[in-house]
Amino acid sequence: MGLLLNPATDHYPQFDAETRRLLRATIDFFESYGKQRLLQADLNAEWVADFLEFEKKEKLFATFLTPSAYADGEGNRRWDAARNAALSEIFGFFGLAYWYAEQVTILGLGPIWMSDNEIAKTRAARQLIDGGVMAFGLSERSHGADVYSTDMILTDDDAGGFTASGTKYYIGNGNVAGMVSVFGRRADVEGPEGYVFFVVDSRHPNYRLIDNVVHGQMFVSTFALDDYPVSADDILHTGPEAFAAALNTVNVGKFNLCHGSIGMCTHSLFEAITHADNRILYGNPVTDFSHVRSNFVDAFARLSAMKLFSDRAVDYFRSASLEDRRYLLFNPVTKSKVTSEGETVMTLLLDVVAAKGYEKNTYFHQANRFIGWLPRLEGTVHVNVGQILKFMPNYLFGPVDYPEIGTRLDAADDAFFFAQGPVGGAGKVRFADWTKPYTARTDVPNVAVFYEQATALQTLLETAAPSPEQQKDLDFVLTVGHLFTLVVYGQLILEQAAITELDADLLNQIFDVQIRDFSGHAVTLYGKPTATPEQQDWALRAVRRPVVGADSFGRVWQQVKALAGTYEMPG
């Protein structure tokens, strides 16, 4: 297996037979659909009805998104984060709209599978078998990312139930979802005890679909409930548990942002290198120009790092428990860092293909329009980096022993996702010694240099830590958060590189990028108006130059060049 997805050659031998069949069937569906038909559907903003017919026929979502407890004895149905990640990557490779239809189905299912409502769970399992999709009704136009606030009000109907009224905004699949998990609050109960998660049906007459807030294949709906009847059978969670279900659902559902971004960038890389390798400019192949090679190597290194980190994070998710909650750090890193890197990769490639990247007959045109959505879907980068900062003290200074986490490709049901327990306590999560993967690879020149920068971050926090006033300055502490994120990012990259026996030249180039990015954030910290003289001095001393090796760079460039012509979508 290559590191990056290639639909022409990948057959997923790491998975069981039915998973392999369904992943290949999904690829074959898009390949038979054809590139021009795929792109035209995007340009025409066609709802993904053809894909959902395929999904229904193959029972794709039923197989991948039903916990074993509700699989009715069907042995292939389970919630398996490893194969879900592979499927998300395929969807991203062929179009964000297809990824989105599954993504919001995952989110809609979260509060259902986390509940004690057996009627709702059985109904969800049945609808998945019938090819249905779900939706997650959390966001509201007035409140944005402020999930503590909601104007969806449930009023006691004096008959043992409620009527719900209010509007939800930015809700994917809201046009067709058989079950929409909706977050609201009771009119007669103040505070967290008044929260309620309940399910509604988009086909009900009291469910009013208002519009699609975007122009595209994705249906990102605004809908209103007008005195919608909510019975006891529709209630999923009440009180603080309802709020916990919202956050725990995001922990599970938003993780797949990373693999969607990876798929989009991978397809774009194939198009870009094939185009550039066949284009003559000023009498020379475009790929003879040094700046073009630099862009491609940088993009390839960043994309490879995205893949390495995300695949390794899957292992931590699948091995999570109430005693091991390290996934709570790796999740916001995937949501912010990996997806932001996707934007950087696309910009590097766009600077090579230039005007070609805007032509309507390219996949690149579609991916370039959508790549910036992923870091911003219901959780902007600064929200996630703020979350990442909560883990920094224990991560850097309080290591504990954990059993080694191996590669998790086993055909097991990830039941913990739906029993994560109470939210909060990020500051209590403990981590293994982060330095071990670094010290194991200081033979790689740029790993050694970056490790110096990572330990320098410890020095900053020990000798010139942000003051109480600076800690209230989000602009200042987010820069520290970006520095810390790079350390975490590097750890999992190194762990996965060891597992996959990654080529040392590529690993060296990945950490060339890490060094430059760390140095860039250090310079940013130096320029902050509130930075103290001690912090400014630290920032300048933390800047490092990567170890430059022409031979190593050249060998990585040959890896990129070898991709030219190896994949082109039919039709």
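Residues numbered from 1 in each chain as written. Predicted model: local features only at pLDDT ≥ 70, side-chain atom pairs only at ≥ 80, totals over all residues. Heavy atoms only, no water.

- An unreviewed UniProt entry lists the protein under the name Acyl-CoA dehydrogenase domain protein, with Gordonia bronchialis as the source organism.
- Within the UniProt record for the protein, the comment given under Sequence similarities (unreviewed entry) is "Belongs to the acyl-CoA dehydrogenase family."
- Under the UniProt heading Cofactor (unreviewed entry), the note attached to the protein is "FAD". (UniProt positions renumbered as here; feature names shortened; annotations may be inferred.)

**Let's talk about the environment of G253**
Thinking step 1. Positionally, G253 belongs in helix α8 (residues 240-253).
Thinking step 2. Here the alpha-carbon distance between G253 and L109, two residues 144 residues apart in the chain, equals 9.1 Å.
Thinking step 3. Beyond its immediate chain neighbours, meaning those up to four positions away, G253 contacts Q103, I106 and L107. (Helix = DSSP H or I, 4+ residues; strand = E, 2+ residues; numbered from the N terminus. Contact = heavy atoms within 4.5 Å.)

**Some remarks on the side chain of R408**
Thinking step 1. Locating R408 in the fold gives a position in the loop between α14 (392-397) and α15 (435-439).
Thinking step 2. For R408, the side chain forms a polar contact with the side chain of D410, separated by 2.8 Å.
Thinking step 3. Ignoring anything within four residues of it in the chain, the contact list for R408 reads A82, D315, R318 and S319. (Polar contact = N/O pair within 3.5 Å; in protein donor to acceptor, adjacent residues only side chain to side chain.)

**Here's the deal with the pattern of salt bridges**
Thinking step 1. Summed over the entire model, instances satisfying the criterion amount to 41 salt bridges.
Thinking step 2. Put simply, R78 and D80 hold a salt bridge, and the shortest N to O gap is 3.0 Å.
Thinking step 3. Look at R78 and you get buried, because its relative accessible area is 4%.
Thinking step 4. Residue classification places D80 among the buried positions, given a relative accessible area of 0%.
Thinking step 5. For the salt bridge of D288 with R293, the shortest nitrogen-to-oxygen distance reads 3.6 Å.
Thinking step 6. The partly exposed category is assigned to R293, whose relative accessible area is 26%. (Salt bridge = Lys/Arg side-chain N within 4 Å of Asp/Glu carboxyl O. Buried < 20%, exposed > 50% of the residue type's maximum accessible area, 1.4 Å probe, protein only.)

**Points about helix α13 (residues 381-389)**
Thinking step 1. Among the residues making up α13, those that are buried are N384, V385, I388 and L389. Looking down the long axis of α13, one finds its buried residues gathered within 145 degrees of arc, a one-sided arrangement.
Thinking step 2. Tucked into the core, α13 has its buried residues touching α11 (327-353), α14 and α18 (474-500). (Arc of directions from axis to C-beta.)

**With respect to unusual backbone geometry**
Thinking step 1. The backbone phi angle of Y12 is positive, close to 55 degrees, even though this residue is not glycine.
Thinking step 2. Looking at where Y12 falls in the secondary structure, it is placed in the segment before α1 (17-33).
Thinking step 3. The phi angle at Y282 is positive, at roughly 55 degrees, despite the residue not being glycine.
Thinking step 4. Take Y282: it is sitting in the loop between β9 (280-281) and β10 (284-285).
Thinking step 5. A relative accessible area of 72% means that Y282 is categorised as exposed.

**Brief notes about the packing of helix α5 (residues 81-94) against helix α9 (residues 257-277)**
Thinking step 1. At a closest axis distance of 7 Å, the pairing of α5 and α9 adopts a crossing angle of 45 degrees. With respect to α9, the element α5 is oriented oblique. Crossing of α5 over α9 shows right-handed handedness. Here α5 contributes A85, S88, E89, G92 and F93 to the contact with α9, which in turn contributes H259, G260, I262, G263, M264, T266, H267 and F270.
Thinking step 2. Classifying every residue of the contact of α5 with α9 gives five nonpolar, seven polar and one charged. (Axes fitted to C-alpha atoms, helices over the stretch in contact; angles between N-to-C directions. Parallel < 35°, antiparallel > 145°, perpendicular 65-115°, else oblique. Left-handed = near helix turned anticlockwise from the far one by under 90°. Nonpolar A, V, L, I, M, F, W, Y, C, P; charged D, E, K, R; others polar.)

**What to know about the domain arrangement of the protein**
Bring the parts together and some accessible area is lost; that lost area is often taken as the interface size.
Thinking step 1. Taken domain by domain, the protein consists of domain 1 (17-132), domain 2 (136-239) and domain 3 (380-400 + 425-548).
Thinking step 2. The straight-line distance from the C-alpha centre of domain 1 to that of domain 2 is 23 Å.
Thinking step 3. In this complex, domain 1 contributes 25 residues to the contact, which on the side of domain 2 involves 25 residues.
Thinking step 4. Three residues, W47, Y100 and P111, lead the burial of domain 1 against domain 2; their summed loss comes to 29% of the area buried on that side.
Thinking step 5. Run the count over domain 1 and domain 2 and you get one salt bridge.
Thinking step 6. Here R123 and D234 are joined by a salt bridge, their closest N and O atoms 3.5 Å apart.
Thinking step 7. Along the contact surface separating domain 1 from domain 2 lie 10 residue pairs in polar contact (both at pLDDT 80 or more).
Thinking step 8. Those elements that place two or more of their residues in the side of domain 1 that touches domain 2 are α2 (35-43), α6 (96-113) and α7 (118-129).
Thinking step 9. Broken down by element, the side of domain 1 that touches domain 2 gets its largest block of residues, 11 residues, from α6.
Thinking step 10. Residue classes in the side of domain 1 that touches domain 2 are distributed as 17 nonpolar, five polar and three charged. (Domains from an automatic or database assignment. Buried area = accessible area lost by both parts, 1.4 Å probe.)

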